[in-house]
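Here's the letter readout for the chains.
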Amino acid sequence: RDCLLSRGLGDVYKRQHYNTTTMKNLFLITLSILLLASCGKTPQNGNLDGQWIMQEMYSKKDVNSTEYIKADRANPTIWNVSLSMILISTPGTNHNGQTGTTTCKMIYKGDKLSITHTFIHHRTEDLLITDPNTTCLESVGIRGNACDYRVVKLNSSHLTLCSSRDSLIFRKKH
């Protein structure tokens, strides 16, 4: 009587195979959903996104000048680019006259990068810089409170930006 009521080992192995297959399928479906959901998390700006360390900066005396002069770089300047923002920091200095951090709104299309708004970054708030003739950001490569750049070189490790008066050369921090 016992042999008729109990299942054989073959039935047990079949149930284990079914459960294993079901778990594998659920895992693959979950993984597929996660991959599809994360597709929107790719860098919006391609190679431009990330931390860039300014290596060199060359400036003209005025727009009509043809001669570039290499700027002295005592402290490293870091441009952290993400989405439509740039966070510029210069550790150990007050490059904007108040703090060592400036936040910028930017637009990046093709070979053009435009900084449209600049803010002095404080711990509790960001103060908009409204003076178009301000000189407080020249040490980090921004003339006035907004600036247009031509992207001369951009790859996974190097970036060169040129405005009407400045040429900025960056290395990507990995």
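Report follows, based on the coordinates. Every chain is numbered on its own, with residues counted from 1 as its sequence reads. Since the coordinates come from a predicted model, pLDDT governs what is reported: local features require at least 70, and pairs of side-chain atoms require 80 or more to be given and counted, while whole-chain, interface and lining totals use all residues. Side-chain numbers come from the whole structure's heavy atoms, not from hydrogens or water.

Quick word on the overall build of the chain
- Counting its regular elements, the chain contains two helices and ten strands.
- A helix here means a DSSP run of H or I that spans at least four residues, while a strand means a run of E at least two residues long, and both kinds are numbered starting from the N terminus. When its helices and strands are written in sequence order, the chain yields α-α-β-β-β-β-β-β-β-β-β-β.
- Only protein chains enter the accessibility calculation, which uses a 1.4 Å probe; a residue whose area is less than 20% of its type maximum is buried, one above 50% is exposed, and one in between is partly exposed. Looking at the chain residue by residue over its 174 residues, the buried ones come to 32%.
- In this description, contact between two residues means that some pair of their heavy atoms is separated by no more than 4.5 Å. The contacts of the chain with a sequence gap of at least 6 include a subset with a gap of at least 24, amounting to 46%.
- All accessible-area figures derive from a Shrake-Rupley calculation using a 1.4 Å probe, and residue coverage is judged against the displayed protein chains alone. A total of about 11400 Å² of accessible surface is found on the chain, and carbon and sulfur atoms cover 55% of it.

So, the pattern of salt bridges
- Between Lys or Arg on one side and Asp or Glu on the other, a salt bridge is scored when a side-chain nitrogen of the former is within 4 Å of a carboxyl oxygen of the latter. On inspection of all chains with the given rule, the structure shows two salt bridges.
- We note a salt bridge from Glu138 to Arg143, for which the minimum N-O separation is 3.3 Å.
- Assessed through its relative accessible area of 27%, Glu138 is described here as partly exposed.
- Judged by relative accessible area, Arg143 falls into the buried class, the value being 18%.
- Between Asp166 and Arg143 there is a salt bridge, with the nearest N and O atoms lying 2.8 Å from each other. Separated by 23 residues along the polypeptide, Asp166 in strand E10 (residues 166-172) and Arg143 in the loop between strand E7 (126-128) and strand E8 (147-154) bring together distant segments of the chain. Each member of the pair, Asp166 as well as Arg143, carries the same accessibility label: buried.

Things to note about the packing of aromatic side chains
- The rule is short: rings of Phe, Tyr and Trp, with Trp giving its six-membered ring, pair when the centres are within 6.5 Å, and they are stacked under 30 degrees, edge-to-face over 60, tilted in between. With the rule as written, the count across this model stands at two aromatic pairs.
- A ring pair is formed by Trp79 and Tyr149, whose centres lie 6.0 Å apart and whose planes are at 75°; its orientation type is edge-to-face. Note that Trp79 is positioned in strand E3 (residues 78-82) and Tyr149 in strand E8, a separation of 70 residues in sequence. Here Trp79 and Tyr149 have matching classes, each one buried.
- Members of the aromatic cluster, each reached through a chain of ring pairs, are Trp79, Tyr149 and Phe170.

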